[in-house]
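# Results of the structural survey
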Amino acid sequence: MWSWSFAWSTLPTILEALQITVFATLVGFAIALVGGFVLALGRRSSTKALSFAAACFVEFVRSTPLLVQLYLLFYGLPSVGLSLSPFAAGVLGLGIHYSAYLSEVYRSGIDAVPRGQWEAAKALNFSRGTMWRRIILPQAIRPVVPVLGNYLIVMFKETPILSAITLVEMLLAAKMIGASSFRYLEAFTLVGLLFLILSYGSSLLIRRLEVK
């Protein structure tokens, strides 16, 4: 049976883990935004070796499970002398994994910019940096904001997988509460509600950003 008193007693522990969940998601998303943009530019590079390397990296990351990549970062890197904390390995794994997907989002936005815009920038003798900053990116990023927002929500819901490398996020906190009390219903229900609030709140913010 549901116990409100037990549910309230578990809330502080779950809210503490919620901070880790939110922070890990935001840091991982920031890494993915930057990494995805770099990969998108790499794939468009006129240097064939760079373009090929970026394409191979994207396909490799997209074709392997996130869990395997996390295990490699957390358990595999120490064998070559590089040890990462659970949080560092988790956000790096999320960032690298989703940077491969965001690179395709960026690439689709850049490819959607009309060819005439590129030719006009060259005809007006704009520098390459000015062309990208003032003409191409403003037209390429705005249409893909909803897609970027969708990936942010997906990343929120992917954070429970970080418990596999011992990062105490909300789901692992709920499991630990259940294991110590043999009561799982309250903790897992609270975690589900918090994920719903986070995801829905994020979707509203993204919608406002899209309109703006």
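First, a word on scope: everything that follows refers to the structure included in this document. Predicted model, so just to flag it, every value in this text is computed and none were measured.

Conventions we followed
- Residues numbered from 1 in each chain as written.
- Predicted model: local features only at pLDDT ≥ 70, side-chain atom pairs only at ≥ 80, totals over all residues.
- Heavy atoms only, no water.
- Helix = DSSP H or I, 4+ residues; strand = E, 2+ residues; numbered from the N terminus.
- Expected span 1.5 Å × (residues − 1).
- Buried < 20%, exposed > 50% of the residue type's maximum accessible area, 1.4 Å probe, protein only.
- Arc of directions from axis to C-beta.
- Contact = heavy atoms within 4.5 Å.
- Lys, Arg positive; Asp, Glu negative; His and termini not counted.
- Salt bridge = Lys/Arg side-chain N within 4 Å of Asp/Glu carboxyl O.
- Polar contact = N/O pair within 3.5 Å; in protein donor to acceptor, adjacent residues only side chain to side chain.
- Phe/Tyr/Trp six-rings, centres within 6.5 Å; stacked < 30°, edge-to-face > 60°.
- Lys NZ or Arg CZ within 6 Å of the ring centre and 35° of its normal.

Its identity is not glycine, yet Asn125 carries a phi of approximately 65°, on the positive side. In this fold, Asn125 is placed in the loop between α5 (115-123) and α6 (128-158). Non-glycine residue Phe182 carries a positive phi angle of around 60°. Position of Phe182 relative to the elements: it lies in the loop between α7 (170-181) and α8 (185-211).

So, on to helix α2 (residues 48-63). Between its first and last C-alpha, α2 extends 22 Å over 16 residues, near the 22 Å set by a 1.5 Å rise per residue. All of the buried residues in α2 are Ser51, Ala54, Ala55, Val58 and Val61. What you see down the axis of α2 is that its buried residues fit within an arc of 135°, all on one side. In α2, those exposed residues whose orientation departs by more than 90 degrees from the buried face are Lys48, Ala49, Phe52, Phe60 and Ser63. Elements that come into contact with the buried residues of α2 comprise α1 (4-43), α3 (66-76) and α4 (86-111).

Turning to the environment of Gly192, a few remarks are in order. Along the polypeptide, Gly192 turns up in helix α8. Each C-alpha atom of the pair Gly192 and Leu26 lies 19 Å from the other, and the pair is 166 residues apart in sequence.

Moving on, we come to the side chain of Glu169. Along the chain, the position of Glu169 falls in the loop between α6 and α7. Although buried, Glu169 forms no salt bridge, and the nearest oppositely charged side chain, Lys175, lies 6.9 Å from it. At a separation of 2.8 Å, a polar atom in the side chain of Glu169 contacts the main-chain amide nitrogen of Leu171. If sequence neighbours within four positions are ignored, Glu169 has contacts with Ala17, Thr21, Thr159, Pro160 and Ser163.

What follows is about the packing of aromatic side chains. One pass over the structure, following the stated rule, counts 11 aromatic pairs. With 5.4 Å between their ring centres and 75° between their planes, Trp2 and Trp4 make a pair best called edge-to-face. Three or more aromatic residues joined by ring pairs make a cluster, and in this case those are Trp2, Trp4 and Trp8. Positioned over the ring face of Phe6 is Arg183, at 5.4 Å from the centre of the ring.

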